[in-house]
Amino acid sequence: MTKFEAILTEKMSAESLAKLMALQNEKVLQFVGTFAEHCDPTSIYVCDDSEKDTQYVRDKALALGEEFTLAHSKQTIHWDGYGDQARDKKNTRFMVYKENMAEMATLNSVEYEQGYAEIMSIAKGIMKGKEAVVLFYSEGPTQSPFTIPCIQFTDSWYVAHSENILYRTAYTHFLNMKETEKGDFFRFIHSAGPLDENNCSADLENRRIYMDTRNNIVYSMNNQYAGNSVGLKKHSMRLAINKSGREGWLCEHMFVMAALDKEKNRKTYFCGAYPSACGKTSTAMIPGEQIVGDDIAYFRNINGEFRAVNVEFGMFGIIKDVNEQDDPVIFKNLMMNQEVIFSNVLCGPDNRPYWLGMGVEAPEEGRNHFGQWRKGLQDATGKEVGVAHGNARYTMRLDYLDNIDKQGFEAKDGVKVDGVLYGGRDSDITVPVEESPDWKDGILIKAATLESETTSATLGKEGVRTPSPMANMDFVSYPLGTYTMNNIRFGESVKKPPRIFSNNYFMRDENGRFMTSKLAKKVWLHWAEGRIHGEYEAYDTPTGKIPRYADLKVLFAKHLNEEFPKEKYDYLFTFRCTKWIEKLERTKAYYKKMDPNTPKEIFDYWDETIARISKARDTYGDLILPGAFKG
């Protein structure tokens, strides 16, 4: 304590200092003391798990003008600067030691010493004149096999408020750590930097998010947008992916949900990974099912079982197109007087929030992420500024939702996973649901081949397929081939790995129209649930097993009260040989580009699959109708 005693005594009240000292954790003191001295805030407040400290954070965010109260008194609104509205991929870098630079060459990285010197130069005195706060959190439930303790040091009370909603506070967990555990936690140092007249980060030129996966610390400077500033979100995920790769468990970009069969009084847990705009949140929130988590999951082998937890306590969701018709559960909660932070939406003259795709007519003036706004206003480039930003967000507790699976949400040993869904977006290749024959096949043929097809709503050329293995490429923090093999090995380490299924909700007919409604995903889910419990026969394809028409006809009638024509079934579930071969060749090329050291056995597996599909094409033709393939 001697080294930092003077600086901490100077910047903390006796109460805050006592909280820190009670932890008896030298690594915590070193972290806080180092940045207290280096970033030089005027004062530092230390939070424990009390409601008093939680309320202190809320009050400070309002008092400093980082948030404003809305018509519903428990709701607040926050605006990031006009140039700080999304993740800064360019300046989000891994700090890599010289001996590892070659294997990390395809990731956005910076040599460690160079990166450390740069970020520490930017951070020097960056908190001068501000009150900072130190908070303790847990990724996953506290006091459990999944727990990763975290400490956040920030000068943004909006960030602190957000994390209080999104994560479980864990001061008590730190207090109860065994001596052998006290050095193992994630550390986040963040500063919004100098602020403009709207309390927004002003020095975006020096916005940096640097991640040290060896020492489990993230440095985030000169930003406020939560995807850049909330350390425990995707920055922590990158640390956890790296840590899990070393330790033999998994951190995945997945929801956790329960499919319910009320007639049989049965609950079956699924996890699912889908690239952006491919149906992840809408699958996690299928009406009539239950949600455990919507974004990030940890997987561990506990007593031979494949078990998962939701890492988070809340949701940081894209609010665009959340409306009463398409997202009734979330929309209902956003309309209630309960703790929600809206970010980068319009605050109307009625002091209520409005966003794109809300399904409610918005006012023609108000305040939003641009500042004072009126309809037709243009920015400096001549672009018209919309009601809200397309990446505007809501931050809300998950346990507000009526469809929360409370038992699974709080389970310290997680939930036993029986099914894993991998969903991409393409108009003419992948059938709506297909089961893999085994775990390894599922990872290599369903997960590693995931793609997302650009649409007319996407900038650039329509119909381009972007590879997205495991829907996780923005966050994988070590070589892709090794990461893929770790997924295979983990699943094979449990007594009974989950069944893997692929999804594709975006198949189009010859005229470019979607083949099914948004609600059809409930049918595909319940067919997968029935397969897990041995209730449906299936047809073989060169890449797995697909539903029989008779079963889907019953499921459409039961769950959606819809007819499901045989012609539609045949079109949706036709196996397209050449398209699949092309998809596998694209996957091979992507892996060679992203990780030249990908193990040969992965490429061998894809080549064997291509040979099998080519043989099927020679025997049955390029388009194989359901039931025609005989193996």
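Placed above this text is the structure.
These lines cover the structure that appears in this document, whether it is placed above or below.

Parameters at a glance
- Residues numbered from 1 in each chain as written.
- Predicted model: local features only at pLDDT ≥ 70, side-chain atom pairs only at ≥ 80, totals over all residues.
- Heavy atoms only, no water.
- Helix = DSSP H or I, 4+ residues; strand = E, 2+ residues; numbered from the N terminus.
- Buried < 20%, exposed > 50% of the residue type's maximum accessible area, 1.4 Å probe, protein only.
- Contact = heavy atoms within 4.5 Å.
- Areas by Shrake-Rupley, 256 points an atom, 1.4 Å probe, with all protein chains shown as cover.
- Lys, Arg positive; Asp, Glu negative; His and termini not counted.
- Charge placed at Lys NZ, Arg CZ, Asp CG, Glu CD.
- Pairing = 2+ DSSP bridges.
- Phe/Tyr/Trp six-rings, centres within 6.5 Å; stacked < 30°, edge-to-face > 60°.
- Lys NZ or Arg CZ within 6 Å of the ring centre and 35° of its normal.
- Axes fitted to C-alpha atoms, helices over the stretch in contact; angles between N-to-C directions.
- Parallel < 35°, antiparallel > 145°, perpendicular 65-115°, else oblique.
- Left-handed = near helix turned anticlockwise from the far one by under 90°.
- Nonpolar A, V, L, I, M, F, W, Y, C, P; charged D, E, K, R; others polar.
- Core = buried A, V, L, I, M, F, W, Y, C linked by side-chain atoms within 4.5 Å.
- Disulfide = S-S within 2.5 Å.
- Polar contact = N/O pair within 3.5 Å; in protein donor to acceptor, adjacent residues only side chain to side chain.
- 1 Å grid on protein atoms, 1.4 Å probe; cavity = no way out; pocket = protein on both sides within 12 Å on 5 of 7 lines; lining within 4 Å.
- Points joined across faces, edges and corners; volume = space filled by probe spheres on them.
- Expected span 1.5 Å × (residues − 1).
- Salt bridge = Lys/Arg side-chain N within 4 Å of Asp/Glu carboxyl O.

**Thoughts on the overall build of the protein chain**
Next up, step 1: Tallying secondary structure elements over the protein chain gives 19 helices and 33 strands in all.
Next up, step 2: Its C-alpha atoms give the protein chain principal-axis dimensions of about 80 × 55 × 50 Å.
Next up, step 3: Among the 631 residues that make up the protein chain, the fraction classed as buried is 61%.
Next up, step 4: Within the protein chain, contacts between residues separated by at least 24 positions form 73% of all contacts whose residues are at least 6 apart in sequence.
Next up, step 5: Summed over all atoms, the accessible surface of the protein chain reaches about 25,000 Å², with 49% contributed by carbon and sulfur.
Next up, step 6: When the 80 basic and 90 acidic side-chain charges of the protein chain are each reduced to a single mean position, those positions are 3 Å apart.

**Topic: the sheet that holds strand 24 (residues 393-397)**
Next up, step 1: With mixed pairing, five strands are arranged side by side in an open sheet as 2-3-19-24-18. With partners counted over all chains shown, the strands left at the sheet margins are strand 2 (68-69) and strand 18 (314-318), one partner each.
Next up, step 2: Where strand 3 (residues 75-78) and strand 19 (residues 340-343) come together, four bridges link them in parallel fashion. Bridge assignment links Thr-76 to a residue of strand 19, and that residue is Ile-341.

**Examining the packing of aromatic side chains**
Next up, step 1: Going through the model one piece at a time under the given rule, you end up with 40 aromatic pairs.
Next up, step 2: Centroid distance Phe-501 to Trp-527: 6.2 Å. Interplanar angle 80 degrees. Geometry classified as edge-to-face. Of this pair, Phe-501 sits in strand 29 (residues 499-504) while Trp-527 sits in helix 15 (residues 521-532), placing them 26 residues apart in sequence.
Next up, step 3: Between Tyr-549 and Phe-564, the aromatic rings sit 6.2 Å apart at their centres with planes inclined by 25 degrees, giving stacked as the arrangement. Of this pair, Tyr-549 sits in helix 16 (residues 549-560) while Phe-564 is found in the loop between helix 16 and helix 17 (566-572), placing the two residues 15 residues apart along the sequence. By the burial criterion, Tyr-549 is buried, and Phe-564 matches it.
Next up, step 4: Sitting over the ring of Phe-514, Arg-508 keeps its end group 4.0 Å from the ring centre.
Next up, step 5: Above the plane of the ring of Tyr-505 lies Lys-521, whose end atom (NZ or CZ) is 4.9 Å from the centre.

**Comments concerning the packing of helix 18 (residues 577-594) against helix 19 (residues 600-620)**
Next up, step 1: Close contact between helix 18 and helix 19 brings their axes to 9 Å; oriented N to C, the two are set at 165 degrees. Comparing the axis directions of helix 18 and helix 19 gives the class roughly antiparallel. Judged by the twist between their axes, the crossing of helix 18 over helix 19 is left-handed. Here Cys-577, Thr-578, Trp-580, Ile-581, Leu-584, Glu-585, Thr-587, Lys-588, Tyr-591 and Lys-592 of helix 18 come into contact with helix 19, specifically with Phe-603, Trp-606, Asp-607, Thr-609, Ile-610, Ile-613, Ser-614 and Arg-617.
Next up, step 2: For the contact of helix 18 with helix 19, a count of residues per class yields nine nonpolar, four polar and five charged.

**Some words on the pairing of strand 7 (residues 148-154)**
Next up, step 1: For strand 7, the tally of buried residues reaches seven of seven residues, placing the bulk of the element in the interior.
Next up, step 2: Side chains Ile-148, Cys-150, Gln-152 and Thr-154 project from strand 7 onto one buried face, and the interleaved Pro-149, Ile-151 and Phe-153 project onto a second face that is buried too.
Next up, step 3: In this structure, strand 6 (residues 131-139) lies alongside strand 7, joined through seven bridges in antiparallel fashion. Across the sheet, residue Glu-139 finds its bridge partner in strand 7, namely Ile-148.
Next up, step 4: With five bridges connecting them, strand 7 and strand 9 (residues 186-191) associate as parallel partners.

**What about the packing of helix 13 (residues 439-447) against helix 19?**
Next up, step 1: Taken N-terminus to C-terminus, the directions of helix 13 and helix 19 make an angle of 85 degrees; their axes are 11 Å apart at the nearest point. Comparing the axis directions of helix 13 and helix 19 gives the class roughly perpendicular. Contact residues: helix 13 offers Lys-440, Asp-441, Leu-444 and Ile-445, while helix 19 offers Glu-601, Ile-602, Tyr-605, Trp-606, Thr-609 and Arg-612.

**Section: the nonpolar core**
Next up, step 1: Ranked by size, the top nonpolar core spans 98 residues in total, and within it Tyr-298, Phe-299, Tyr-422 and Trp-606 carry the most contacts.
Next up, step 2: Excluding residues within four positions of it along the chain, Tyr-298 makes contact with Glu-139, Phe-146, Ile-148, Ala-240, Trp-249, Leu-250, Cys-251, Arg-307, Ala-308, Val-309 and Val-311.

**Description of the state of the cysteines**
Each disulfide consists of one covalent bond between the sulfur atoms belonging to two cysteines.
Next up, step 1: Tallying each qualifying case throughout the model produces zero disulfides.
Next up, step 2: No disulfide involves Cys-39; its sulfur sits 18 Å from the nearest other cysteine sulfur, which is in Cys-47.
Next up, step 3: On the accessibility criterion, Cys-39 (0% relative accessible area) is buried.
Next up, step 4: Here Cys-347 is not cross-linked by a disulfide; its sulfur's nearest cysteine counterpart is in Cys-200, at 15 Å.

**A word on the pairing of strand 31 (residues 544-547)**
Next up, step 1: In this structure, strand 30 (residues 538-541) lies alongside strand 31, joined through four bridges in antiparallel fashion. Looking at strand 31, one finds that Tyr-539 is bridged to Ile-546.
Next up, step 2: Adjacent in sequence and paired antiparallel, strand 30 and strand 31 are bridged by two residues.

**Focus on the side chain of Asn-368**
Next up, step 1: Here Asn-368 lies in strand 22 (residues 365-368).
Next up, step 2: A polar contact of 3.1 Å, which involves the side chain of Asn-368, links it to the backbone oxygen of Gly-386.
Next up, step 3: Ignoring any residue separated from it by four or fewer positions in sequence, one finds Asn-368 in contact with Trp-79, Val-345, Leu-346, Trp-373, Val-385, Gly-386, Val-387 and Ala-388.

**Side note on empty space enclosed by the protein**
Next up, step 1: Under the criterion given, the structure shown has seven cavities of 30 Å³ or more.
Next up, step 2: In this model, the largest cavity occupies a volume close to 90 Å³.
Next up, step 3: Forming the boundary of the largest cavity are 15 residues, of which Gly-424, Thr-430, Leu-450, Asn-503 and Lys-583 lie nearest the centre.
Next up, step 4: Elements that contribute at least two residues to the lining of the largest cavity include exactly strand 25 (415-424), helix 13, strand 29 and helix 18.
Next up, step 5: Ranked by residues supplied to the lining of the largest cavity, first place goes to strand 29 with three residues.

**A closer look at helix 3 (residues 26-39)**
Next up, step 1: Taking 1.5 Å of rise per residue, 14 residues should cover 20 Å, and helix 3 covers 20 Å from first to last C-alpha, within 8% of that figure.
Next up, step 2: Every buried residue belonging to helix 3 is among Val-28, Leu-29, Phe-31, Val-32, Gly-33, Phe-35, Ala-36, His-38 and Cys-39, and all of these are buried.
Next up, step 3: Taking the backbone nitrogen of Lys-27 as reference, a side-chain oxygen 3.0 Å away marks Asn-25 as the first, capping residue of helix 3.
Next up, step 4: Downstream of helix 3 by one or two residues, Asp-40 has phi in the positive range, about 60 degrees.

**Description of the pattern of salt bridges**
Next up, step 1: Summed over the entire model, instances satisfying the criterion amount to 48 salt bridges.
Next up, step 2: Among the salt bridges present, the one from Lys-267 reaches Asp-405, with a minimum N-O distance of 3.1 Å. Remark: Asp-405 occurs in the loop between strand 24 and helix 12 (406-410) and Lys-267 occurs in strand 14 (residues 266-273); sequence separation between them is 138 residues.
Next up, step 3: As a salt-bridge pair, Glu-451 and Arg-586 come within 2.7 Å of each other at their nearest N and O atoms. Of this pair, Glu-451 sits in strand 27 (residues 451-453) while Arg-586 sits in helix 18; the two residues are 135 residues apart in sequence, bridging distant segments of the chain.
Next up, step 4: Note on Glu-451: relative accessible area 5%, which makes it buried.
Next up, step 5: The exposure class of Arg-586 is partly exposed, given its relative accessible area of 28%.
Next up, step 6: Connected through salt bridges with shared partners, the residues Lys-233, Lys-234, Lys-280, Asp-295 and Glu-312 form a single ionic network.

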